[in-house]
Amino acid sequence: MVMRVVAVLLMVFMFGCSQPQGNGGVLKKDWQDIEADAQGGLVKLYMYGGLPQVNEWVDTYVAEEVKKRFGISLVRVPLDANVVVAKLLAEKGTGKNVGGVDLVWLNGENFKTAKEGGVLFGPFAEKLPNYLKYIDKRLAAYDFGYPVEGYEVPLGRTQFVFEYDSAEVPNPPRSFLDLLRWTTEHPGRFTYSAPPDFTGSAFIRQAFYSLTGGSTLFESGWNEKAFNNSAPKLWEYLNEMKPYLWRAGVEYPKDAAALDSLFATGETLLSMSYGPHHASVKVRNKVFRPSVRTYIMNDGSFFNMHFMGIPETAPNKAGAMVVANFLLSPEAQLSKFRPESWGDFPSIDLSTLDKEMWQKFESVEHGEAALTPKELHKAGIPEISAEYVEALEKGWIENVK
């Protein structure tokens, strides 16, 4: 493990200052030429590093496959997307453009910030054969309500769920008002991670949606007046809940991994994840108790696609495109879908697959702890726009934390 970390740092140092490839030249090439340019190169994938099973999947399956197929050396660099975007914007501001990031796992507000800041390469999506063949262009057109326009491609689809220990909580709260009552009756046994951590941010968005009338508030996109009128309901709700949270709300788990740790040890009896297979994976790996189950609130749960983008200053744009294209292949998406690998729902449209491959997806065992894809699909609510995400995270710090 130590040797791997050292190797990663050496590669990042050695290749971090490479001169980026020209944009227009790459986009004008045929796919065969792009693949040829990518052969034998290094691709540095920057992504959130707090999910051990995801890290292992990237470091083993993905890295081994792109090495075998294209001779590409894939190096995963654990860094949150907001930090990566801030780095890219800072480099652009200084005019140094030292590069070093080839491919980055993006989502929502970070993509919006990067795209508006002019630090993303593209549009490249329609250069990828697997994007053209397997992706539903309508679903991939927006990221948290913000137009993608070919500057990123969808890696997977996920959905917000709650988790509970059925041996301790046979009837979990099915609405946010019920959750408040349950928390006051079970002080210290529930909490959420501090926004802007992705899971904690999703929790306050879900609460906001449920407490302020649902889709009617969000159906026309960002509305500052409507937000200012409605947000106080959320702050009041969260502040009423706060004294009954783990450690009386004086401290919040810093991220999803810390939230999982509390739930795994039984300190909390309810938890959450923006991954519908999350509990199933944890039970399979004997991190969570066998009695853990997944559920969703009665008024639905947010789903979204998460994406991959390529920075304007990426040293190896061709390699990044080839890796992204591989991740959109049915083989990679099937591997990612299996709970023992990651459990992330596919971003590809399964109706585009041949019968044999479609049956492989259908035969994936989800485990007792997970909801079925049909149950999740029925309850799915499209994510609200990125402006709401930013406003809610800022408002939580000012009004609740």
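In this report, we go over the structure that sits alongside the text. (Residues numbered from 1 in each chain as written. Predicted model: local features only at pLDDT ≥ 70, side-chain atom pairs only at ≥ 80, totals over all residues. Heavy atoms only, no water.)

1. Describing unusual backbone geometry
Thought 1: The omega torsion across Gly-122 and Pro-123 is -5 degrees, close enough to zero to call that bond cis.
Thought 2: Along the polypeptide, Pro-123 turns up in the loop between α6 (109-116) and α7 (129-134).
Thought 3: Here the bond from Pro-195 into Pro-196 is cis, since omega is 15 degrees, no more than 30 degrees from zero.
Thought 4: Tracing the backbone shows Pro-196 in the loop between α8 (176-185) and α9 (198-211).
Thought 5: Even without glycine at this site, Phe-144 takes up a positive phi of about 50 degrees.
Thought 6: Locating Phe-144 in the fold gives a position in the loop between β4 (142-143) and β5 (146-147).
Thought 7: For Phe-144, a relative accessible area of 6% puts it in the buried group. (Helix = DSSP H or I, 4+ residues; strand = E, 2+ residues; numbered from the N terminus. Buried < 20%, exposed > 50% of the residue type's maximum accessible area, 1.4 Å probe, protein only.)

2. A look at the environment of Ala-231
Thought 1: For Ala-231, the position within the fold is in helix α11 (residues 224-241).
Thought 2: C-alpha separation for the pair Ala-231 and Ala-264, spaced 33 residues apart in sequence, amounts to 32 Å.

3. A short note on α11
Owing to its 3.6 residues per turn, the α-helix brings residues three or four apart onto one side.
Thought 1: For α11, built from 18 residues, the straight-helix expectation of 26 Å at 1.5 Å per residue is met to within 8% by its first-to-last C-alpha distance of 26 Å.
Thought 2: By the largest-angle criterion, Ser-230 marks the main kink of α11, which is about 35 degrees, and a proline, Pro-232, follows within four residues.
Thought 3: Within α11, the full set of buried residues consists of Ala-226, Phe-227, Ser-230, Ala-231, Leu-234, Trp-235, Tyr-237, Leu-238 and Met-241.
Thought 4: At the N-terminal boundary of α11, the capping side chain belongs to Asn-223, with an oxygen 3.2 Å from the backbone nitrogen of Lys-225. (Expected span 1.5 Å × (residues − 1). Bend = angle between axes of the 7 residues up to and from the residue. Polar contact = N/O pair within 3.5 Å; in protein donor to acceptor, adjacent residues only side chain to side chain.)

4. Looking at helix α5 (residues 81-94)
Thought 1: With 14 residues, α5 ought to run about 20 Å at 1.5 Å a step, and its terminal C-alpha atoms sit 20 Å apart, in line with that.
Thought 2: Among the residues of α5, Ala-81, Val-84, Val-85, Leu-88 and Glu-91 are the ones counted as buried. The arc enclosing the buried residues of α5, seen along the axis, measures out at 125 degrees, which places them on a common side. Of the exposed residues in α5, the ones pointing more than 90 degrees away from its buried face are Gly-93 and Thr-94.
Thought 3: Considering only its buried residues, α5 is in contact with β1 (42-47), β3 (103-106) and α6.
Thought 4: Two residues or fewer past α5, Gly-95 is found with a positive phi of approximately 80 degrees. (Arc of directions from axis to C-beta. Contact = heavy atoms within 4.5 Å.)

5. So, the nonpolar core
Thought 1: With 56 residues, the main nonpolar core has Leu-74, Leu-128, Val-153 and Met-321 as its most contacted residues.
Thought 2: Not counting residues up to four positions away in its chain, the partners in contact with Leu-128 are Trp-31, Val-153, Met-321, Ala-324, Asn-325 and Leu-328.
Thought 3: Residues Val-169, Phe-227, Leu-234 and Met-297 belong to the second largest nonpolar core, which totals 42 residues. (Core = buried A, V, L, I, M, F, W, Y, C linked by side-chain atoms within 4.5 Å.)

6. Here we look at the pairing of β3
Thought 1: Of the two faces of β3, the one lined by Leu-103 and Trp-105 and the one lined by Val-104 and Leu-106 are each fully buried.
Thought 2: Pairing analysis gives 2 bridges linking β1 to β3, with the strands arranged parallel. For Leu-45, the partnering residue across the bridge sits in β3 and is Leu-103. (Pairing = 2+ DSSP bridges.)

7. Topic: the sheet that holds strand β9 (residues 292-295)
Thought 1: Ordered by their spatial adjacency, 3 strands build an open sheet running β8-β7-β9, and the pairing between neighbours is antiparallel. Each edge of the open sheet carries a strand with a single partner, namely β8 (270-273) and β9. Neighbour to neighbour, the strand axes of the sheet diverge by 30 degrees on average, direction disregarded.
Thought 2: Sitting on the sheet, helix α12 (residues 256-264) touches β7 (161-165), β8 and β9, and the angle it makes with β8 is about 150 degrees. (Axes fitted to C-alpha atoms, helices over the stretch in contact; angles between N-to-C directions.)

8. Structural notes on the pattern of salt bridges
Thought 1: In total, this model carries 17 salt bridges according to the counting rule given.
Thought 2: A salt bridge links Glu-65 to Lys-68, with the shortest nitrogen-to-oxygen separation between them at 3.2 Å. Of this pair, Glu-65 and Lys-68 both sit in helix α4 (residues 52-70), 3 residues apart, which is roughly one turn of that helix.
Thought 3: Judged by its relative accessible area of 13%, Glu-65 falls in the buried class.
Thought 4: Residue Glu-368 is joined to Arg-293 by a salt bridge in which the shortest nitrogen-to-oxygen separation is 3.5 Å. Taken together, the residues span a long stretch of sequence, with Glu-368 in the loop between α16 (355-362) and α17 (373-379) and Arg-293 in strand β9 at a distance of 75 residues.
Thought 5: Given a relative accessible area of 68%, Glu-368 falls into the exposed group. (Salt bridge = Lys/Arg side-chain N within 4 Å of Asp/Glu carboxyl O.)

9. Considerations on the packing of aromatic side chains
Note on aromatic pairs: each is described by the distance of the centres and the angle between the planes.
Thought 1: Scanning the model with the defined rule gives 29 aromatic pairs in all.
Thought 2: For the pair Phe-176 and Phe-203, a centre-to-centre distance of 5.8 Å together with 45 degrees between the ring planes defines the contact as tilted. Here Phe-203 lies in helix α9 and Phe-176 lies in helix α8, a separation of 27 residues in the sequence. Assigned by exposure class, Phe-176 and Phe-203 land together as buried.
Thought 3: Aromatic pair Trp-222 and Tyr-388: ring centres 4.8 Å apart, planes at 75 degrees, arrangement edge-to-face. Here the residue Trp-222 occupies a position in the loop between α10 (215-218) and α11, and Tyr-388 occupies one in helix α18 (residues 386-399), the gap between them amounting to 166 residues.
Thought 4: Looking at Tyr-388, the relative accessible area reads 1%, which means it is buried.
Thought 5: The ring centre of Phe-303 lies 4.0 Å from the NZ or CZ of Arg-157, which sits over that ring.
Thought 6: Against the face of Phe-121 rests Lys-317, its NZ or CZ located 5.7 Å from the ring centre. (Phe/Tyr/Trp six-rings, centres within 6.5 Å; stacked < 30°, edge-to-face > 60°. Lys NZ or Arg CZ within 6 Å of the ring centre and 35° of its normal.)

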